[in-house]
Amino acid sequence: MQRIVVDAMGGDHAPAAIVEGAAEASLAIPGAEIILVGDAVELGKLLPRVRHDGARVRVHHAPSLIEMDEKPAEALAAKPDASIAVAAELVAAGEGDALVSAGNTGAAVLAVARRWKLIPGVRRAALASVYPTELRRGDKDDPFSLLLDCGATLDATAEDLVTFAIMGSAYAKMISKNRRPRVALLSNGTEAGKGPAAVVRAHELLLEATELNFIGNVEGLDIPRGVADVVVCSGFVGNVVLKMLEGVSETILRLGRYAHKQNLTWRIGLAALKPALEQLKSVTDWEQYGGAPLLGLDHLFIKAHGRSSARAITNAVKVASKALSGDLCGTIATGMRDFADRAAKADIRAPGDPDGKVEAPT
Amino acid sequence: MTPGGRAPRHVFRWDLDKTYLRTEFDSLKDLVKSAFEDPADKQAYPGATAILRSLRAADGHRICIVSGSPTQMRSVLAAKLALDGVEYDEFVLKDNLKNILRGRFRALRSQVPYKLPALLASRLGTAPAPAETMFGDDAEADAIIYSLYADVLAGRVAFADLERVLAAARAYDDEALRTLDLARRAPKGDVVRRIIIHLDRRSATMPFRRLGRRVVPVFNYFQAALVLYADGVLTARQVVFVALEMLDSRQFELGTLATSMQDLVRRGRLERDIALRLADEAAEAAAAGALAGRDGLPPFHTISQQFRERLRQLGGSATGAWIGGVDEPLDYVRLVDEEHARRRERRRDGHR
């Protein structure tokens, strides 16, 4: 039976939305036990209000929590019994198989990075995020592409970028049911020689030492088009790109509201477009994905959005369950071994610094 | 009378569908399938058979089954119970054919006007027992009907109020008159010790709190066994047998049983000390051979440790004390009205 640990106290709508989402997951995923970590008294008040399976929702008491705006390292040091710390520890101790949290991203990533191990061959873990694109992919006709790293680390070597490509491809195969995901490096030009040295070298390595469906470099404008299913970049670049995409989306919404207020003709026009906009909204609804995985560690961590509703949490748990069923961490480990073997045969230096660390996210 | 001819000490009243048997009858197709299903194909919920057998084994215990299934199903259901080795003293089914022939279509779905008189008639038909425990489910209004039955026997429901409840439940006039007559004649006493509601629909447990501490919603029969142990009805050894039947079903693991116990303690339905006492007594039962031949299981001290660990995980917060407040007199007219509204809503939404 899968044991999925859920940080019940993390998130803007915690603990009510988290408990509701986890409760629904206990009914939707027959082969999983949900371990809710948080204030047992508080959770004990919430659980009886929602439908769930009492044999498969366990409560593990954690007396404190880390607020969304607290500084990660300081908060973790001051509150070793915070829900996210206890949750990460449970997984490290073998009491759970995966972790879902909608809480403070920095604290969550730091909590797992300090307690879990990197997969052999992986030097740095990567936070992957999905974003909606024009083109769809996979058996599920998935409208989302994967971008990694989005900020688990700042910089990345060529070997790190190859590692991210291997991890992202494995994840896309499993979650999007995309048999041969198109993998690309994000650069400032599609030519192989364009970009920083690490990107140029990673381009060579991906061609020479992997069997990924590597389609070369893509530029920023290719991201929303969906030219690639997995876009690989350093954490610094990924974080900037992600926030810019979010900013553009918010600006369009604001402009729409402005137009709605400005004059009657525009208002009528927007009203006529409403069904199409609603359809677009449902197609690109991030809540169906639930969260972003932190890839490269020996256990799975799904970071749900801080604003997650109950539905988003249910879906994050489902994604965790799917990744566990497909042995995502094992698949990544196999991918890394294959890469190391190929690199050795081709006399190329492969990644594998055993002292690799995950830094606090940007 | 019990098989030995003595007056019963304790009567256990069971519903069948969704309480003992995993039955789907939410659509016409389900109903037809259920009617023509072979007895061997019908599935009991894991642990339910072990509980029924354990209850029947004790001296002075009487098993009465009152089900809403049609009388035409008697032979199939009796065959299923026989296959499971479940013995019973009374088996009442609903005569729906008679209802159809008399044009009483409302009675086909009605719950209170059928079950309440059936329960009262059962109590009248034999020497009254000083204790009763009832088993139902959350698919219909079992928790309300059983509570009403208990309060009628305890003299907590005035006949005028009962009349109003029957009207709210849309009983036909003669049904209402018969029920009132049975309620007058039935031997009285505060005898219903426990009402166990199997959460087949996985309903939220909160709404059951208003029915008082007597009603305990359970997610599975391990939880039912724990409640019966706390009530002094089952022994630790019998609880172990229930657990083993559930493990054999492959639908439960030791971990899910331990979590089930934690859930009951967290909800204030099982005291922590009683859970710990059970662990000690179960260890003695295991040492005496209750787990003999169970190769797949870890040593009992490991199992016991796992269960204790589940309690520890709750921190110091959960004592297992009842948290539903003082039991208030119930407004059954309102409860029946709300139940009808819920059923209409479920039908409208196409839910179970």
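Residues numbered from 1 in each chain as written. Chains lettered and ligands numbered in written order. Predicted model: local features only at pLDDT ≥ 70, side-chain atom pairs only at ≥ 80, totals over all residues. Heavy atoms only, no water.

Undergrad: Go over the nonpolar core with me, naming the residues and quoting the values.
TA: By size, the foremost hydrophobic cluster in this structure holds 162 residues, and its most contacted members are L99 of chain A together with W14, Y20 and L55 of chain B. Sequence-distant contacts of Y20 of chain B, defined by excluding residues within four places in its chain, comprise W14, D15, Q43, A44, Y45, A48, T49, L52, L81, D84, V86 and Y221 of chain B. Judged by nonpolar contacts, the second largest core, of 43 residues, contains V66, I145, Y146 and L166 of chain B. (Core = buried A, V, L, I, M, F, W, Y, C linked by side-chain atoms within 4.5 Å. Buried < 20%, exposed > 50% of the residue type's maximum accessible area, 1.4 Å probe, protein only. Contact = heavy atoms within 4.5 Å.)

Undergrad: Give a description of the sheet that holds strand β4 (residues 131-137) of chain B that names residues and reports values.
TA: Residues and elements named next belong to chain B. Here six strands make up an open sheet; going across it, the order is β3-β2-β1-β4-β5-β6 and the pairing parallel. Of all the strands in the sheet, the pair left with one neighbour each is β3 (90-94) and β6 (215-218). The average angle at which neighbouring strand axes cross in this sheet is 15°, direction not considered. Bridging between β4 and strand β5 (residues 192-198) involves six bridges; their strand directions are parallel. (Pairing = 2+ DSSP bridges. Helix = DSSP H or I, 4+ residues; strand = E, 2+ residues; numbered from the N terminus. Axes fitted to C-alpha atoms, helices over the stretch in contact; angles between N-to-C directions.)

Undergrad: I'd love a proper account of the side chain of S64 of chain A, names of residues and values included.
TA: Residue and element names in this part refer to chain A. For S64, the location among the structural elements is in the loop between β3 (57-61) and α3 (72-78). For S64, a relative accessible area of 17% puts it in the buried group. In terms of polar contacts, S64 uses its side chain to reach the backbone amide nitrogen of A82, at 3.3 Å. Not counting residues up to four positions away in its chain, the partners in contact with S64 are K79, D81, A82 and S83. (Polar contact = N/O pair within 3.5 Å; in protein donor to acceptor, adjacent residues only side chain to side chain.)

Undergrad: Please provide a residue-by-residue account of unusual backbone geometry, values included.
TA: Following A14 of chain A, the chain continues to P15 of chain A via a peptide bond in cis, the omega torsion being -5°. If you trace the backbone, P15 of chain A turns up in the loop between β1 (2-7) and α1 (16-28). For the bond from L148 of chain A to D149 of chain A, the omega torsion is 5°, close enough to zero to count as cis. The residue D149 of chain A is located in the loop between β6 (142-148) and α6 (158-175) in this model. One non-glycine residue, R170 of chain B, lies in positive phi territory at about 60°. On the secondary structure map, R170 of chain B appears in the loop between α8 (159-168) and α9 (173-185). Here R170 of chain B falls in the partly exposed class, since its relative accessible area comes to 49%.

The analysis is restricted to geometry; functional conclusions fall outside its scope.
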